[in-house]
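So you can see what is in the structure, the chains are spelled out below.
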Amino acid sequence: MKEKIYTIPVNDAFARSDACPVCTLENTLNQQLLDYYLGASLMEPDVRQTTNEKGFCRDHLKQLYNREINRLGLGLMLHTHMVDLVDDIGPELKGSMSSEKASFFSGRKKDYKQMLKLAAERIEARAKSCVICERTGQTMERYLDVIFYEFSENVAFRDKFKSVNGFCLPHLALLLRGAAKYLNQKQAAAFVSELTQIQNRCLETLRDDVEWFTLKFDYRNHDKSWKNSKDALPRSIGKLRGESDLK
Ligand SMILES: [Zn+2]
Ligand SMILES: [Zn+2]
């Protein structure tokens, strides 16, 4: 039996049959982490140590800000993060990259290009670094482990799995990678057989819905029913690129 803190959300996400269940898991987790970092935890020293060091990526900074709660807390967290940042990359920007003596550019040094690239890489790494993305990645890995365990061991879960309405393409790939990692050959054959049936059914239906959406623009179809095609564009965008809040 796997830990309940992972088993319950996985079962809940697969019980809802509309969106990609892995997107549902990811979105729920994302909201919980946004709440966590804007909540009481942001004054805890060990939390602040990681937010100072890692900060948040662009998407998560926007999401934290757009919550419109605890702007003071966000301000305090950003301030100490920026103190850390200025101490870390400040000397590099001020000293080595200026035109002063002993910088990359003084004398006949040929390695200035390499030095500039390394400085850029270090700054890019800091710009991308995100404590929420990191924790999401770790928890999603636990969820993946649980999905495969439940699929192989729990008949009720397998029934839920069979009734979902397909996965987005990024998570379809994630599940195939996960199957290679967590399942033996026999288990993987059973899993991939179910997965491909679900996915083909989903994509074929979407393909036909999008086609009918376009055909409805033909005046000869004007009076015909939209069938299930009114929201075919947003549904296909979701399935093609993911329904996750993170992207
Ligand atoms: Zn998804
Ligand atoms: Zn992030």
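Residues numbered from 1 in each chain as written. Chains lettered and ligands numbered in written order. Predicted model: local features only at pLDDT ≥ 70, side-chain atom pairs only at ≥ 80, totals over all residues.

Caption draft 1: Inspection of the overall build of the protein chain at higher detail. A count of helical and extended segments in the protein chain gives eleven helices and zero strands. Beginning at the N terminus, the succession of helices and strands in the protein chain can be written as α-α-α-α-α-α-α-α-α-α-α. Against the 2.2 N^0.38 benchmark of 18 Å for 247 residues, the protein chain shows a C-alpha radius of gyration of 24 Å, more extended than a compact globule. In terms of overall dimensions, the protein chain has a C-alpha envelope of 75 × 55 × 40 Å along the principal axes. Of all 247 residues assigned to the protein chain, the portion counted as buried reaches 20%. Long-range pairs, those at least 24 residues apart, make up 74% of the contacts in the protein chain between residues at least 6 apart in sequence. (Helix = DSSP H or I, 4+ residues; strand = E, 2+ residues; numbered from the N terminus. Rg over C-alpha atoms; globule rule 2.2 N^0.38 Å. Buried ≥ 20, exposed ≤ 12 C-beta atoms within 10 Å, placed from the backbone. Contact = placed C-beta atoms within 7 Å.)

Caption draft 2: Here's a closer look at the nonpolar core. Grouped together as the largest cluster of nonpolar side chains are 22 residues, with contacts concentrated most on Val10, Cys20, Leu25, Tyr143 and Ile147. Contributions of two or more residues to this core are made by α1 (4-15), α2 (21-38), α7 (131-153), α9 (169-182) and α10 (185-215). Looking at this core element by element, the count peaks at five residues for α7. The residues contacting Cys20, other than those within four sequence positions of it, are Gly166, Phe167, Cys168, His171 and Glu243. (Core = buried A, V, L, I, M, F, W, Y, C linked by C-beta atoms within 7 Å.)

Caption draft 3: Examining helix α4 (residues 58-66) more closely. Where α4 is concerned, the buried positions are His60, Gln63 and Leu64. The buried side chains of α4 occupy one side of the element, clustering within an arc of 100° when seen end-on. Summarising the geometry of α4, the exposed residues directed more than 90 degrees from the buried face are Arg58, Lys62 and Asn66. Downstream of α4 by a residue or two, Glu68 has a phi angle that is positive, lying close to 60°. (Arc of directions from axis to C-beta.)

Caption draft 4: Structural view of unusual backbone geometry. In this structure, Glu68 takes a positive phi of about 60° despite not being glycine. Of note, Glu68 is situated in the loop between α4 and α5 (71-96). Unlike most non-glycine residues, Asn70 shows phi in positive territory, near 45°. In this fold, Asn70 is placed in the loop between α4 and α5.

Caption draft 5: Expanded view of the packing of α7 against α9. For the pair α7 and α9, interaxial distance at closest approach is 10 Å and the crossing angle is 70°. When the interaxial angle is binned, α7 and α9 end up roughly perpendicular. In this structure, α7 uses Leu144, Asp145 and Phe148 to contact α9, whose residues at the interface are Gly178, Ala179 and Tyr182. Grouping the amino acids of the contact of α7 with α9 by side-chain chemistry returns four nonpolar, one polar and one charged. (Axes fitted to C-alpha atoms, helices over the stretch in contact; angles between N-to-C directions. Parallel < 35°, antiparallel > 145°, perpendicular 65-115°, else oblique. Nonpolar A, V, L, I, M, F, W, Y, C, P; charged D, E, K, R; others polar.)

Caption draft 6: Spotlight on the packing of α1 against α2. Contact geometry for α1 and α2: axes closest at 8 Å, N-to-C directions at 130°. Judged on the interaxial angle alone, α2 and α1 are oblique. When you trace α1 past α2, the crossing you get is right-handed. Counted together, Pro9, Val10, Ala13 and Phe14 of α1 and Pro21, Thr24, Leu25 and Thr28 of α2 form the full contact between these two elements. (Left-handed = near helix turned anticlockwise from the far one by under 90°.)

Caption draft 7: Here's a closer look at the environment of Thr205. Topologically, Thr205 is positioned in helix α10. Sequence separation of Thr205 and Ser229 is 24 residues, and the distance between their C-alpha atoms is 9.9 Å.

Caption draft 8: Focus on the environment of Arg122. Within the element layout of this structure, Arg122 appears in helix α6 (residues 112-128). Sequence separation between Arg122 and Ile89 is 33 residues, and the spatial gap between their C-alpha atoms is 8.6 Å.

Caption draft 9: Summary view of the environment of Met82. Mapped onto the fold, Met82 is located in helix α5. As a C-alpha pair, Met82 and Glu53 span 29 residues in sequence and 9.3 Å in three-dimensional space.

All quantities given are derived from atomic positions and should not be read as evidence of function.
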